[in-house]
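# Coordinate inspection notes
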Amino acid sequence: MLDVPSRTDELYERVKRVIPPVEWPAFVADIEAILELKRRRNAVILAHNYQTPEIFHCVADIVGDSLALARKAVETEADVIVLAGVHFMAETAKLLNPDKTVLIPDTEAGCSLAESVTAEDVRLMRRRFPGVPVVTYVNTSAAVKAESDICCTSGNARAVVESLGRPRVIMLPDEYLAKNIAAETDVEIIAWKGRCEVHERFTAEDIRDLREAHPGVLVLAHPECPPEVVAEADFSGSTAAMSDYVGREKPQRVVLMTECSMSDNVAVAHPEIEFVRPCNLCPHMKRITLANIRTALEENQHEVTVAPRVAERARRAVERMLAI
């Protein structure tokens, strides 16, 4: 390994399977600075599973899927939260921590799902289907959450839908998640037309090609994938569920049909498992870097705020989800 400061040697040992030695020195100065800034500012970094390994394994304090981040955000005693993810996640952290400073390193870190639906769209759906409760995926803006009855994630969507005790629900914005959950429950689900630009690109043919090229590979698919992909896979679940499945079942060879940094992050903990990597990148997640996390902490940049009236109603929808 190249000569790097001893403070980061242990961190590199953690990620050396997924970060080549030649790349590591480019990260060291930012990592050192971020660790010191977190200490000085009483800050924590929340990182989604789709963040790159140098963020996920080297500077993050809390990691996981959107549900885990939402739950753990409430528990932190830090003064400052930096959200290494996309904007709706930072808004959710702010909803649950109204008195804390919440920063997002890049304001352009958006989400195709969140952008596919507006608060007015939800109001129109309510008028079209009067009395039908609205279940909103966390991959939405605070304004959309404020128009909803309850939120869900890919990990708890079925439980949320069935908790309402109603024969029919509106579920938005992810069309494929709604259809995949509809296949698991007797509740009639009215879907929206939003899609994740990463997961919608996977096809059932991709899985068949992977099985042919990598005999014996176990295929895990995110429920934002098209229903025919989920049907072709061996297992479908949230990013947390996929990670847990790998750790529990320990397949010899596995492919995760989701954003490709997920495979790197799970592989760190499982050196004995071969990960096949069909690489679909999320351009929004990749806007978050060590450099702009450092700048966010140095300059208190970019603070996330939510209008009080919107925040109160949106917080209620998120808290109803967390109570399940």
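Right, let's walk through the structure included here. These numbers come from a predicted model, not from an experiment.

## Quick look at the sheet that holds strand β10 (residues 235–236)
Taking strand neighbours across the sheet as the criterion, the four strands line up as β10-β9-β11-β12 in an open arrangement whose pairing is parallel. Looking at strand neighbours, the two that pair on one side only are β10 and β12 (274–276), the edges of this open sheet. Relative to β12, strand β11 (residues 253–257) runs parallel, the two being bridged by three bridges. In the sheet register, Val254 faces β12, and the bridge partner there is Phe275.

## Observations regarding the pairing of strand β9 (residues 218–221)
Residues of β9 alternate between two faces, with Leu218 and Leu220 on one and Val219 and Ala221 on the opposite face, all of them buried. In this structure, β9 lies alongside β11, joined through four bridges in parallel fashion. Bridging across to β11, Val219 finds its partner in Val255. Direction of pairing for β9 relative to β10: parallel, over a ladder of two bridges. When the sheet's bridge partners are listed, Leu220 is paired in β10 with Phe235. Handedness of the β-α-β unit built from β9, helix α11 (residues 227–232) and β10 comes out right-handed.

## Considering helix α2 (residues 25–41)
Over its 17 residues, α2 runs 25 Å from end to end, which matches the ideal 24 Å to within 8%, given 1.5 Å per residue. All buried positions along α2 are accounted for by Phe27, Val28, Asp30, Ile31, Glu32, Ala33, Ile34, Leu37 and Lys38. Buried positions along α2 lie against α1 (9–15), β1 (43–48), α3 (53–56) and α14 (290–299). One or two steps after α2, the chain reaches Asn42, where phi turns positive at roughly 50 degrees.

So, how was this worked out
Residues numbered from 1 in each chain as written. Predicted model: local features only at pLDDT ≥ 70, side-chain atom pairs only at ≥ 80, totals over all residues. Heavy atoms only, no water. Pairing = 2+ DSSP bridges. Helix = DSSP H or I, 4+ residues; strand = E, 2+ residues; numbered from the N terminus. Buried < 20%, exposed > 50% of the residue type's maximum accessible area, 1.4 Å probe, protein only. Right-handed = clockwise from strand over helix to strand, strands pointing away. Expected span 1.5 Å × (residues − 1). Contact = heavy atoms within 4.5 Å.

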